[in-house]
Amino acid sequence: KINRERHSLRCDTQYKIEGCQHMATQSRIYLPHNLDFRGRAYPLPIDVQHMGNDLTRSMLVFADPRPVSHRGVFWMKIH
C-alpha cells in the first residue's frame, strides 16, 4: 500500500514539474478561470495553478513583481 501511495505522489509531482517546465519557456502566462453559479473563480489548468499545493505555488512567479505595501501586509495577516 505504501509503495502505491508513493508511486501516485511521484507521478503527480512529475506531472506538475513537466507542466511548469513547459510554461517556463514563455515570458508570461495567463491562467484562464471558470466561474460557478456562486461567483467563485476556479483556474482551468489542472497541473499548474495558484490554488494548487505548495510545490505548484512555489514555482509560480509574478511577471511584474511589486513590493508589498503596509495595507497588503495588513490583509496578509488577516488571511
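See above for the structure.
### What about the side chain of Lys16?
- As for its position among the elements, Lys16 is in helix H1 (residues 2-23).
- Dropping the residues within four chain positions of it, Lys16 is found in contact with Asp47, Val48, Asn53 and Thr56.

### Looking at the packing of aromatic side chains
- Applying the stated criterion across every chain yields a total of one aromatic pair.
- Ring centres 5.3 Å apart and planes at 80° place the aromatic pair Phe74 and Trp75 in the edge-to-face group.

### A look at the environment of Ala24
- With respect to the helices and strands, the residue Ala24 is situated in the loop between H1 and strand E1 (33-35).
- According to the relative accessible area criterion, Ala24 is exposed, its value standing at 58%.
- Separated by 18 residues in the primary sequence, Ala24 and Tyr42 place their C-alpha atoms 22 Å from one another.

### Considering H1
- Here H1 is 22 residues long and its end C-alpha atoms lie 32 Å apart, about the 32 Å a rise of 1.5 Å per residue gives.
- Within H1, burial applies to Lys16, Gly19 and Cys20. One side of H1 carries all its buried residues, which in axial view fall inside an arc of 100°. Residues of H1 that are exposed and point more than 90 degrees away from the buried face comprise Asn3, Arg4, Arg6, Arg10, Gln21 and His22.
- Against the buried residues of H1 lie helix H2 (54-58).

So, how was this worked out
Residues numbered from 1 in each chain as written. Predicted model: local features only at pLDDT ≥ 70, side-chain atom pairs only at ≥ 80, totals over all residues. Heavy atoms only, no water. Helix = DSSP H or I, 4+ residues; strand = E, 2+ residues; numbered from the N terminus. Contact = heavy atoms within 4.5 Å. Phe/Tyr/Trp six-rings, centres within 6.5 Å; stacked < 30°, edge-to-face > 60°. Buried < 20%, exposed > 50% of the residue type's maximum accessible area, 1.4 Å probe, protein only. Expected span 1.5 Å × (residues − 1). Arc of directions from axis to C-beta.

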